[in-house]
Amino acid sequence: KWIKRLGVLLFALYALACLALYFAQERILFNPDTLPQDFVFSSGEEGELEVEKGIFLNCLWLKDPASKGAILYLHGNRGSNRRCLHQAETMQGKGYDIFMPDYRGYGKSDGLIVSEKQLFNDAQKAYDFLKQHYDEKQIVVVGYSIGSGMASYLAANSQPQQLILLAPYCSMVDMKDRTVPLLPDFLLKYPLRTDEYLQKTAAPITLFHGVEDDVIPFECSEQLKSLKPDAIQLVTMQEGHRGVIFSHIFRERVGELLAQGLR
């Protein structure tokens, strides 16, 4: 009897853990800051991008007087464009405008994130908007942390000049398996299969990752590079997760990559 009761208890605890993972995914993956509608950014031009009827993403457009292209920057899971503006500024002065959409529920953007399909559709709307202003071969897609999954999706389904990922993950399936491997994969609403998208990407791919990253292990970028060893460049850095984009190595190498794209 006690063995049976123990089995029932363990099964109940397992089921509760599964339910907790399923319903808490948005809180686990996304950590937005909201901004008042009258908030004024220190630089850049604001715009509103309609991604669904009555739903607008607040976007920040940093324009370069000598612009020959555009960077679509998909930021990480924390904060908003107010916080991520300083990240984008590390890519300024390279001959590219920088376009930053805030995800749903972030900053001054409307709505809430509810599905992977929605995330991808919103990112595609931002990319399509840039295609109205630039030739596609002038568009560089850059994704940092959680944004690397959406950036990879865009590169796999479009023809950008190049794809640059900072601190990317193989997938959220892989990240789950590193922490709670006993929970089934089908519970994930956001699989974000960067590994699959990179294999379908024709554009040049460069990964930046720090060996001291304690959020998304450096090993993830090593695994991604192994998928296409000759087509994916991995820039190894010493920084942790939040230091990669501010590193002088990133500033220098991204400048070289962007200059090559303009030739």
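These numbers were taken from a predicted model, which means no experiment stands behind them.

### Thoughts on the sheet that holds strand β9 (residues 205–210)
Then, in step 1: Read from one edge to the other, the open sheet built from 8 strands follows the order β2-β3-β6-β4-β7-β8-β9-β10, with strand pairing classed as mixed. The two strands at the open ends of the sheet, each matched to only one other strand, are β2 (45–52) and β10 (232–237). Each adjacent strand pair in this sheet contributes to an overall mean axis angle of 20°, direction not counted.
Then, in step 2: Sheet topology note: the β9/β10 ladder contains 6 bridges and is parallel. Paired with Ile205 across the strands is Ile232, a residue of β10.
Then, in step 3: Contacting β9 and β10, helix α8 (residues 218–227) runs over the sheet at an angle of about 160° to β10.

### Thoughts on the pairing of β9
Then, in step 1: Of all the 6 residues making up β9, 6 are buried; the element is thus mostly covered by neighbouring parts of the structure.
Then, in step 2: Going residue by residue along β9, you find Ile205, Leu207 and His209 tucked away on one face and Thr206, Phe208 and Gly210 tucked away on the opposite face as well.
Then, in step 3: Examined bridge by bridge, strand β8 (residues 162–166) and β9 share 4 bridges and lie parallel to one another. Within β9, the residue paired with Ile164 across the bridge is Thr206.
Then, in step 4: Note on the crossover from β9 through α8 to β10: the handedness is right-handed.

### Some words on helix α3 (residues 81–88)
Then, in step 1: Buried within α3 are the following residues: Asn81, Cys84, Leu85, Gln87 and Ala88. Relative to the axis of α3, the buried residues are bounded by an arc of 160° and lie together on one face.
Then, in step 2: On its buried face, α3 is in contact with β3 (55–62), β4 (70–74), β5 (78–79), β6 (97–101) and β7 (139–144).

### Focus: the environment of Ile139
Then, in step 1: As for its position among the elements, Ile139 is in strand β7.
Then, in step 2: Of the residues examined, Ile139 reaches a relative accessible area of 0% and is grouped as buried.
Then, in step 3: Sequence separation between Ile139 and Asp97 is 42 residues, and the spatial gap between their C-alpha atoms is 9.5 Å.
Then, in step 4: For Ile139, the residues in contact, after removing those within four places along its chain, are Ala70, Tyr127, Leu130, Lys131, Tyr134, Pro160, Gln161 and Gln162.

### What to know about the nonpolar core
Then, in step 1: Membership of the largest hydrophobic core comes to 49 residues, with the highest contact counts inside it found for Phe30, Leu72, Met150, Leu154, Leu163 and Leu192.
Then, in step 2: With sequence-adjacent residues up to four places away left out, Phe30 is seen in contact with Asn77, Tyr106, Ile113, Leu119, Ile146 and Tyr190.

### Here we look at the packing of aromatic side chains
Then, in step 1: Tallied over the entire structure, the rule returns 11 aromatic pairs.
Then, in step 2: For the ring pair Phe120 and Tyr197, a centre distance of 5.8 Å and an interplane angle of 85° mean the geometry is edge-to-face. Of this pair, Phe120 sits in helix α4 (residues 116–131) while Tyr197 sits in helix α7 (residues 194–199), placing them 77 residues apart in sequence.
Then, in step 3: Summarising the aromatic geometry, the rings of Phe208 and Phe250 are spaced 5.0 Å apart at their centres and angled 85° between planes, so their arrangement reads as edge-to-face. Of this pair, Phe208 sits in strand β9 while Phe250 is found in helix α9 (residues 248–261), placing the two residues 42 residues apart along the sequence.
Then, in step 4: Accessibility expressed as a relative area gives 0% for Phe250, which makes it buried.
Then, in step 5: An aromatic cluster of three or more residues is present, and its members are Trp61, Phe99 and Phe129.
Then, in step 6: Above the plane of the ring of Trp61 lies Lys63, whose end atom (NZ or CZ) is 4.3 Å from the centre.
Then, in step 7: The aromatic ring of Tyr22 is capped on one face by Lys189, whose charged end is 5.5 Å from the ring centroid.

### Side note on the packing of helix α6 (residues 172–179) against α8
Then, in step 1: α8 packs onto α6 with a crossing angle of 135° between their chain directions and a minimal axis gap of 12 Å. Compared by their axis directions, α6 and α8 come out oblique. In this structure, α6 meets α8 at a crossing whose hand is right-handed. Contacts from Asp174, Met175 and Arg178 in α6 reach Glu219, Cys220 and Gln223 in α8.
Then, in step 2: By residue class, the composition of the contact of α6 with α8 is 2 nonpolar, 1 polar and 3 charged.

### Focus: a nonpolar patch on the surface
Then, in step 1: Judged by side-chain polarity, Trp2, Ile3, Leu6, Leu9, Leu10, Leu13, Leu16, Leu19, Tyr22 and Phe23 come together as a nonpolar surface patch covering roughly 1,100 Å² of accessible area.
Then, in step 2: Along the chain, the position of Leu16 falls in helix α1 (residues 2–23).
Then, in step 3: Overall, Leu16 belongs to the exposed group, its relative accessible area being 53%.

### Some remarks on the layout of surface pockets
Then, in step 1: Counted as a void, the largest pocket has a volume near 650 Å³.
Then, in step 2: Elements represented by at least two residues in the lining of the largest pocket include exactly α2 (25–29), α3 and α6.
Then, in step 3: Take the lining of the largest pocket: its biggest share by element is 5 residues, from α6.
Then, in step 4: Of the residues assigned to the lining of the largest pocket, the class counts are 15 nonpolar, 7 polar and 5 charged.

What counts as what
Residues numbered from 1 in each chain as written. Predicted model: local features only at pLDDT ≥ 70, side-chain atom pairs only at ≥ 80, totals over all residues. Heavy atoms only, no water. Pairing = 2+ DSSP bridges. Helix = DSSP H or I, 4+ residues; strand = E, 2+ residues; numbered from the N terminus. Axes fitted to C-alpha atoms, helices over the stretch in contact; angles between N-to-C directions. Contact = heavy atoms within 4.5 Å. Buried < 20%, exposed > 50% of the residue type's maximum accessible area, 1.4 Å probe, protein only. Right-handed = clockwise from strand over helix to strand, strands pointing away. Arc of directions from axis to C-beta. Core = buried A, V, L, I, M, F, W, Y, C linked by side-chain atoms within 4.5 Å. Phe/Tyr/Trp six-rings, centres within 6.5 Å; stacked < 30°, edge-to-face > 60°. Lys NZ or Arg CZ within 6 Å of the ring centre and 35° of its normal. Parallel < 35°, antiparallel > 145°, perpendicular 65-115°, else oblique. Left-handed = near helix turned anticlockwise from the far one by under 90°. Nonpolar A, V, L, I, M, F, W, Y, C, P; charged D, E, K, R; others polar. Patch = residues over 30% accessible without salt bridge, like charges linked within 9 Å, V, L, I, M, F, W, Y side chains within 5 Å. Areas by Shrake-Rupley, 256 points an atom, 1.4 Å probe, with all protein chains shown as cover. Salt bridge = Lys/Arg side-chain N within 4 Å of Asp/Glu carboxyl O. 1 Å grid on protein atoms, 1.4 Å probe; cavity = no way out; pocket = protein on both sides within 12 Å on 5 of 7 lines; lining within 4 Å. Points joined across faces, edges and corners; volume = space filled by probe spheres on them.

Taken by themselves, the reported measurements are silent on function.
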